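Descriptive analysis of the structure
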Amino acid sequence: MAVETVGTVKMRGEEARGIAVSIIVDDLHIRLVSGEELIGDWDISQIGITALNEGFNIRAEGEEFVLHTDNDAAVADSLGLATASPRMARLVAASHPPEERVPEPEPELPRSQLGAIGFALGGVLVLVGGVVLRIAQGGDQTVGSVDDGGPVWMAYVVGGVLMVANGYLLAIGPKWARAAAFLTMATLVAVFVITAQGSPPAVDLIFPYGFVAGGLVVGVAMLFSGTISPRN
């Protein structure tokens, strides 16, 4: 880093104020110019230079000089003398204001999977209800009302499987998963309402329909619980 400043230079031990000079420091090279006269042009590796309480002591060409500058910190920093003395270290540190600390971003909180898991468990209940309903029917394959089960067990089995699949999709988070879950639930609820509009179910069918109803309640509750949210 090139530094240009002004100051004075004098022979060490002289009482005089010194000669006013322009000081140019560039790539560990220092040049002193007074008016149009070149006072010194040195490679830092070829001379001795140390930091004083004020200014610098230079030993070059068999002579010893004392150099005072208007910007000791910048000159010391450019010459690699930033830690030459406690005073110089303080000056250099003061000339480099600390960078504004950028706060680290807060870690993203993990998404809760409670809603997705609950929705999938609701699907398991619906699926079990459909299977038990089929067993309760025995070999009867006739189409009927809720009174004899009819073929609606298949709707609940398929619907339960879809709810479990929707639960998985809700867990991995595509934005359309919630809409798919709503569609599945709306269809299953419609099937349940339609089949329940007939006569009350036979006693042996209350147990499987209880599973189905429980699964539907759990699924709806999870969708509206606020625990399901898509990934960004």
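Note that the structure is predicted; figures quoted are calculated from it, not measured.

Before going further, it helps to examine the overall build of the protein chain. Looking only at helices and strands, the protein chain features six helices and seven strands. Scanning the protein chain from its N terminus toward the C terminus, one meets helices and strands in the order β-β-β-β-β-β-β-α-α-α-α-α-α. Out of the 232 residues belonging to the protein chain, those deemed buried represent 36%. Restricting the contact set of the protein chain to residue pairs at least 6 apart, pairs at least 24 apart contribute 55%. A total accessible area of about 13,600 Å² is found for the protein chain, and carbon and sulfur atoms account for 62% of it.

With that settled, consider the side chain of Thr5. Residue placement: Thr5 occurs in strand β1 (residues 3–11). With residues up to four places along the chain from it excluded, the contact list for Thr5 reads Val21, Ser22, Ile23, Thr69, Asp70, Asn71 and Val75.

Hydrogen bonds between backbone groups are what pair the strands of a sheet, and the pairing can be parallel or antiparallel. Ordered in space as β4-β3-β2-β1-β7-β6-β5, the seven strands form an open sheet in which the pairing is antiparallel. Each of the sheet's edge strands pairs with one partner strand only, and the pair in question is β4 (37–43) and β5 (48–51). Each strand of the sheet is rotated relative to its neighbour by a mean of 30 degrees, with strand direction disregarded. Judged from the five bridges that link them, strand β6 (residues 56–60) and strand β7 (residues 63–69) form a sheet pairing that is antiparallel. By the bridge assignment, Ala60 is partnered in β7 with Glu63. Docked against the sheet, helix α1 (residues 72–79) engages β1, β2 (19–25), β5, β6 and β7, running at close to 95 degrees with respect to β1.

Attention now moves to the confidence of the model for the protein chain. Predicted coordinates in regions of low pLDDT should not be interpreted in detail. Chain-level statistics for the protein chain give a pLDDT mean of 77 and a share of 75% at 70 or above. Here helix α2 (residues 86–95) is the element of the protein chain with the lowest mean pLDDT, 56, and helix α4 (residues 152–172) is the one with the highest, 87. In this model residues 141–149 is a low-confidence stretch, pLDDT under 50, and it forms 26 contacts with partners more than four residues away in sequence or in other chains.

As a further point, take the pairing of β6. Burial of β6 is extensive: four of the five residues sit out of reach of the surface. Looking at chain direction, β5 and β6 are connected through four bridges and run antiparallel. For Ala51, the partnering residue across the bridge sits in β6 and is Phe56. In textbook terms, the turn of a hairpin is the stretch between consecutive antiparallel strands, and for β5 and β6 this stretch comprises four residues, one of which, Gly55, has a positive phi near 90 degrees.

Turning to the environment of Ser22, a few remarks are in order. Turning to its location among the elements, Ser22 is positioned in strand β2. Sequence separation between Ser22 and Val9 is 13 residues; the distance between their C-alpha atoms is 9.8 Å. In this structure, Ser22 is in contact with Thr5, Val6, Arg31, Leu32 and Val33, ignoring residues within four places of it in sequence.

Here we take up the environment of Glu54. Tracing the chain through its elements places Glu54 in the loop between β5 and β6. For Glu54, a relative accessible area of 55% gives the class exposed. Separated by 12 residues in sequence, Glu54 and Val66 have C-alpha atoms that sit 9.5 Å apart.

Moving on, we get to the packing of aromatic side chains. This model, assessed by the stated rule, comprises five aromatic pairs. Judged by centre distance (5.5 Å) and plane angle (80 degrees), the rings of Phe182 and Phe224 are edge-to-face. Within this pair, whereas Phe182 is found in helix α5 (residues 177–196), its partner Phe224 is found in the segment after α6 (203–223), the two being separated by 42 residues in sequence. Given a relative accessible area of 30%, Phe182 falls into the partly exposed group. Phe224 sits in the exposed class, given a relative accessible area of 60%. Ring pairs connect the aromatic residues Tyr156, Phe192 and Tyr209, which therefore count as one cluster.

It is worth spelling out the pairing of β2 at this point. Bridging between β1 and β2 involves seven bridges; their strand directions are antiparallel. Residue Val3 lies in a different strand from β2, and its bridge partner there is Val25. Bridge count for β2 against strand β3 (residues 29–34) is four bridges, and the pairing is antiparallel. For Ile24, the partnering residue across the bridge sits in β3 and is Arg31. Connecting the antiparallel pair β2 and β3 is a turn made up of three residues, with Asp27 showing a positive phi of about 50 degrees.

About the cut-offs
The residue count restarts for each chain, going from 1 along the sequence in the order it is written. Whole-chain, interface and lining totals are the exception, using all residues; otherwise, since this is a predicted model, local features are given only for residues with pLDDT of at least 70 and side-chain atom pairs are given and counted only at 80 or more. Hydrogen atoms and water are omitted, and side-chain values are computed over all heavy atoms in the structure. Helix and strand assignments follow DSSP, with helices taken as H or I runs no shorter than four residues and strands as E runs no shorter than two, numbered in order from the N terminus. With a 1.4 Å probe rolled over the protein chains alone, any residue whose accessible area is under 20% of its type maximum counts as buried; one over 50% counts as exposed, and the rest are partly exposed. Note on contacts: a residue pair qualifies if any of its non-hydrogen atoms lie within 4.5 Å across the two residues. In this description, accessible areas are obtained by the Shrake-Rupley approach with a 1.4 Å probe, and a residue is regarded as covered only by the protein chains that are shown. Two strands are said to pair when DSSP picks up at least two bridges between them. In this analysis an axis means a line fitted to C-alpha atoms, helices contributing only their contacting stretch, and an angle means the value between N-to-C directions, from 0 to 180 degrees. Confidence scores here are pLDDT values: one per residue, from the predictor, ranging 0 to 100. Pairs were defined over the aromatic rings of Phe, Tyr and Trp, the Trp ring being its six-membered one, requiring ring centres within 6.5 Å. Orientation was assigned from the angle between planes: stacked under 30 degrees, edge-to-face over 60, tilted for the rest.

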